[in-house]
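# Per-entry structural report
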Amino acid sequence: MAVSHLECAECKAEYPLEALYVCERCFGPLGVAYDHGSSEHDVGELRRRIQGGPQNIWRYADFLPLTGGPPGPSGRLASRAGLPAGCTPLIRADRLARQLGLREVWVKNDTANPTHSFKDRVVSVAVARARELGFDVIACASTGNLANSVAAHGAALGMDSYVFIPADLEEQKVLATGVYGTRLVAVQGSYDDVNRLCTELSAERDWAFVNVNLRPYYAEGSKTLAFEIAEQLGWELPDRCVVPVASGSLFTKIAKGFQEWRELGLLRDELPRMNGAQAEGCSPVASAFAAGHEVCRPVKPNTIAKSLAIGNPADGPYALDLARRTGGSVDAVDDEEIRAGIALLARTTGIFTETAGGVTTAVLAKLAARGDIDPDERVVLVITGDGLKTLDAVRDTFQTHTIAPTVESFQAGVPEAVSV
Amino acid sequence: MGVVVKIPTQLRAVADGEAEAEVEGATVKEVLDGLFLRFDELRARISDEDGSLRRFVNVYLAGEDIRFLEGLQTPVADGAELTILPAVAGG
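Residues numbered from 1 in each chain as written. Chains lettered and ligands numbered in written order. Predicted model: local features only at pLDDT ≥ 70, side-chain atom pairs only at ≥ 80, totals over all residues.

Here we take up the overall build of chain A. Each helix and strand counted, chain A has 14 helices and 13 strands in total. The globule rule puts the C-alpha radius of gyration for 420 residues at 22 Å, and the 21 Å found for chain A is close to it. Dimensions of chain A, computed from C-alpha atoms along their principal axes, come out at roughly 70 × 50 × 45 Å. Expressed as a percentage of the 420 residues in chain A, the buried residues total 55%. Taking contacts inside chain A between residues at least 6 apart in sequence as the whole, the part at least 24 apart equals 69%. (Helix = DSSP H or I, 4+ residues; strand = E, 2+ residues; numbered from the N terminus. Rg over C-alpha atoms; globule rule 2.2 N^0.38 Å. Buried ≥ 20, exposed ≤ 12 C-beta atoms within 10 Å, placed from the backbone. Contact = placed C-beta atoms within 7 Å.)

This paragraph deals with the overall build of chain B. Within chain B, the secondary structure is distributed over two helices and five strands. Traced from its N-terminal end to its C-terminal end, chain B shows the element sequence β-β-α-α-β-β-β. On C-alpha atoms alone, chain B measures out to a radius of gyration of 12 Å, which is about the 12 Å that the 2.2 N^0.38 rule sets for 91 residues. Oriented by its inertia axes, the alpha-carbon framework of chain B measures out at about 30 × 30 × 25 Å. The burial tally for chain B puts 40% of its 91 residues in the buried class.

This brings us to the sheet that holds strand β3 (residues 57-61) of chain B. All names here are of chain B. Within the open sheet, the five strands sit side by side as β2-β1-β5-β3-β4. Their pairing is mixed. Only two strands of the sheet have a single partner each, and these edge strands are β2 (20-23) and β4 (64-65). In this sheet, β4 lies alongside β3 in antiparallel orientation, the contact comprising two bridges. Looking at the pairing, Y60 lines up with D65 of β4. In this fold helix α1 (residues 28-38) packs onto β1 (3-6), β2, β3 and β5 (81-86), with an angle of close to 115 degrees to the strand it touches most, β2. (Pairing = 2+ DSSP bridges. Axes fitted to C-alpha atoms, helices over the stretch in contact; angles between N-to-C directions.)

In many reports, interface size means the accessible area that the parts give up when they come together. Residues and elements named next belong to chain A. Segmenting chain A into domains produces domain 1 (90-116 + 222-394) and domain 2 (119-219). Between domain 1 and domain 2, the contact holds 23 residues from the first and 18 residues from the second. When residues of the side of domain 1 that touches domain 2 are traced back to their parent elements, those giving at least two are α8 (223-232) and α9 (249-263). Considered class by class, the residues forming the side of domain 1 that touches domain 2 number eight nonpolar, 10 polar and five charged. (Domains from an automatic or database assignment. Nonpolar A, V, L, I, M, F, W, Y, C, P; charged D, E, K, R; others polar.)

Below, the discussion takes up the interface of chain B and chain A. Each side of the interface is counted separately: chain B has 20 residues, and chain A has 30 residues. Elements with a contribution of two residues or more to the side of chain B that touches chain A: α2 (40-46), β3 and β5 of chain B.

Listed below in structure tokens is the structure:
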């Protein structure tokens, strides 16, 4: 399978594989199209080829938009190609399932990436394509996780980078970006202001803005989450996926990954029900879903889940269509539920997620409580970022027992553990 | 003096290569209609048949999305700046 061309999602106009992201005819978004070939695929051979690949996203290079193949030799423990992402654990979460009255829940722990979020997948692909296209400078508009990743990948590959963030971002995300030596630009405004500025700048500068002019390639990186989930489940699909929604790109591209492998015969099951998760303080997609609308009305975000605080989601219409087409939904939870979601995941699985993962876990709990999930379903919860990125969300949510260094003080001051 | 409209690169091929144009008009709609009079092909690129903006087009008045103002009916003052941009970036 080889990458073929760019294609408008709306009017199907075709474009060459360059740094383009908008259809000139109708302004629709461009996506990547592949030539699957007409002959029957040998599924066994395809699977062996994938399984023989490196322990990172480049094992899926045949399904990614690079014309020159993987960017260099790399594996789990050694790499000559920067910071390869992916091959993160899929963890069976029986105690979480039991608490929610479900039978089978798996957590896709994408905090286990080089900069601790799924963004390393999309940045790896975008930067590899940027290098193929001859760019020297990478850039992005970010709510935080992307900032970490672009700055790190720039440093790893010796490329200059410009990272644009809203000025009110969490301190942890600012520190974990600036340390890499990027040109960090804090914009006095919301993420949507940052995004508008970067859209304007992308026309003025010869830079690879990974999520603007390189967006078609960047978005394809999210498919690797789908490929891994399917491969880790033994070439089967789950019945349902719960995924956070900001722009809607991750949500829709996970489904695209499943669908492409179904078309190749690598997977036989039906597409899973796709459930999107948003924070109430920024829920343009969930609101449109509830109201039965086909497009999203932009909002001004106000939520602790800053990595999901996109008020004007680019892939909103496609996220709505996907949720409806698969019998899923897009739901929203408030800041208290987000904090409870972080705690629930941490205490039942040992995985500490940032606020976005709190949103996703809380939406799973909401779906379970509402009776939307058949107890026999196999559910995958996609956890996209590490809790160390948003420490304020858990401050003062537990008690620390401070004692003198004596046995007496310990016995007097610390209650016996109670198992959850 | 009129309103300055900034034209995105993707539309400059149908706007005589111009990056901006000065157009008269008291509302966003009047300004856009004036722009379409000058560059006829622009209309179909960013407008639907019923005259509303296509769903992947963002229009900003002095940096603010017009959907947070009064949409196409938003009043514009002489000397204001209107920016047309693709909506498919980011995330």
